[in-house]
Amino acid sequence: MTSDKARTRAHREPPHRPPGETGRPAAGTGAGPGAAPAPGAPGSADEPDTPGTSAAPPTSPPAAPRTTSRDVARAAGVSQAAVSLVLGDKWRGRVSPAKAEAVRAAARDLGYRPNLAARNLRMGRTRTVLLVVPALTTEFYARVYTGAARVAADHGFGVVLYPSPEGIGPARDPFASAAATLDGVLASSMAADALTALRTAGLPLVMLDSDPDDERATATVNLDIAGGVRQLAAHLLGLGHRHLAHLAADVDSWTFALRARTLGAALGEVPGAVLRREPAELSVAAGLHAAHTVLTGPGPRPTALLCDDDILAAGALKAARRLGLRVPEDVSVTGFDDLALAVAVEPELTTVRLPAEEFGEAGMRALLAVLDGGPAAVPALPVELVARGSTAPPAGAGIPSRNGNAARPGGR
């Protein structure tokens, strides 16, 4: 009878087999890890694969080498030091604008990404900024974001877009700790009240479309809103309009207060000019209601409606059409912003074109300058009157007013 030790040894040691038999390869045959299979054996070069057998996995190609700052320097024709200055946004006065743009273009083309984690740790930055805007109800702020994000990306920054939940008014801090999460804030004046929770963080703040004397802002970046209003007023006055109505945005904001002041001053210099102001929320429905009110009110009917934005103007066009009035033969209508909507309505809208993307770019450059401790003074960006089919000279004398009396020449 076999002993327990013998049974254990037999279990642990497989029986000896001569070379050539299935099992552990014999010494001296060359078989083993890394050895080529024998001819005719499964997996050998002279035996095709058969169902149920698996070929060795293909070898993966070696990973492409990581693009370095030296590659960017070579592509842009500059030194590595210049690449570091440009991508670190410290090139001004040390690298020409043309070479700086060549470096940025080369970095984009090569897909170069600097080691931001190490740089951020060294500089004590998150390289993230917050863009605070009203609720995204129009394309204007989407275009502002596009411009801001483009400049930020060129300098290795990310942009978090934060629409104020109620459009305007206070909003909670979107972060557990803004100071620890962000480097700075870029904000529209229409969303200024949403910054209450963020101001306590002591972050650099650049305001867009805001009072240059506002001490809450580290810097301000503006469009030439007053210039745009004066262009509109001159256009309508030049056509002969003297009785005008202002469909004014019912928003407590510096930019809309500036429009009202500028328009009043422009018409106040023209003898016989009359201006009525009708407040309205920023919506098509509100524009329709406000336009209906001024077009059906007592006294001579206005021959031109100046609207604080294109959305209000779209409502004004609907109101005129519902009242059986022709635009521009019976009443002219103007907008502000030059949204895509301006050419979607009929007739196409005379408006003031605001360079939204350039506005976002200028705002982001100002914030980056502030973060680097440099000056952030930015002149107001120019705007442009775009005259289209919604404005024309007023009709001749004798247009009936709402009370049935003919309007006097020059007294419309």
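Residues numbered from 1 in each chain as written. Predicted model: local features only at pLDDT ≥ 70, side-chain atom pairs only at ≥ 80, totals over all residues. Heavy atoms only, no water.

Here the focus is the sheet that holds strand E1 (residues 128–133). Strand order in the open sheet made by the five strands is E2-E1-E3-E4-E5, with parallel pairing throughout. Both edges of this open sheet fall to strand E2 (158–163) and strand E5 (219–221), since each of them pairs with a single strand only. Across the sheet, the mean angle separating the axes of adjacent strands is 20° when strand polarity is ignored. In the sheet, strand E4 (residues 205–208) pairs with E5 via three bridges, with the strands oriented parallel. The residue of E5 that forms the bridge with Val-206 is Ala-219. (Pairing = 2+ DSSP bridges. Helix = DSSP H or I, 4+ residues; strand = E, 2+ residues; numbered from the N terminus. Axes fitted to C-alpha atoms, helices over the stretch in contact; angles between N-to-C directions.)

Okay, the pattern of salt bridges next. One pass over the structure, following the stated rule, counts twelve salt bridges. A salt bridge links Arg-150 to Glu-361; the shortest N-O distance between them is 2.5 Å. Here the residue Arg-150 occupies a position in helix H6 (residues 139–154), and Glu-361 occupies one in helix H13 (residues 356–371), the gap between them amounting to 211 residues. Salt bridges here are not isolated pairs; linked through shared partners, they connect Glu-101, Arg-104, Arg-108 and Asp-154. (Salt bridge = Lys/Arg side-chain N within 4 Å of Asp/Glu carboxyl O.)

Along the chain, Lys-90 turns up in the loop between helix H3 (80–87) and helix H4 (97–110). Note on Lys-90: relative accessible area 42%, which makes it partly exposed. Along the primary structure Lys-90 and Asp-372 are separated by 282 residues, whereas in three dimensions their C-alpha atoms are 8.2 Å apart. (Buried < 20%, exposed > 50% of the residue type's maximum accessible area, 1.4 Å probe, protein only.)

Before going further, it helps to examine the sheet that holds strand E7 (residues 274–280). Ordered by their spatial adjacency, four strands build an open sheet running E7-E6-E8-E9, and the pairing between neighbours is parallel. The open sheet has two edge strands, E7 and strand E9 (332–334), and neither has a second partner. On average, each strand axis in the sheet is inclined to that of its neighbour by 20°, with strand direction left out of account. Summarising the sheet, strand E6 (residues 243–249) and strand E8 (residues 304–307) pair through four bridges and their orientation is parallel. Considered in E8, the bridge of Leu-244 is made with Ala-304. Sitting on the sheet, helix H10 (residues 254–268) touches E6, E7 and E8, and the angle it makes with E7 is about 165°. (Contact = heavy atoms within 4.5 Å.)

Examined against the element boundaries, Thr-262 turns out to sit in helix H10. Looking at Thr-262, its side chain comes within polar contact range of the main-chain oxygen of Leu-258, at 2.8 Å. Among all residues touching Thr-262, those that are not within four sequence positions of it are Ala-226, Val-229 and Arg-230. (Polar contact = N/O pair within 3.5 Å; in protein donor to acceptor, adjacent residues only side chain to side chain.)

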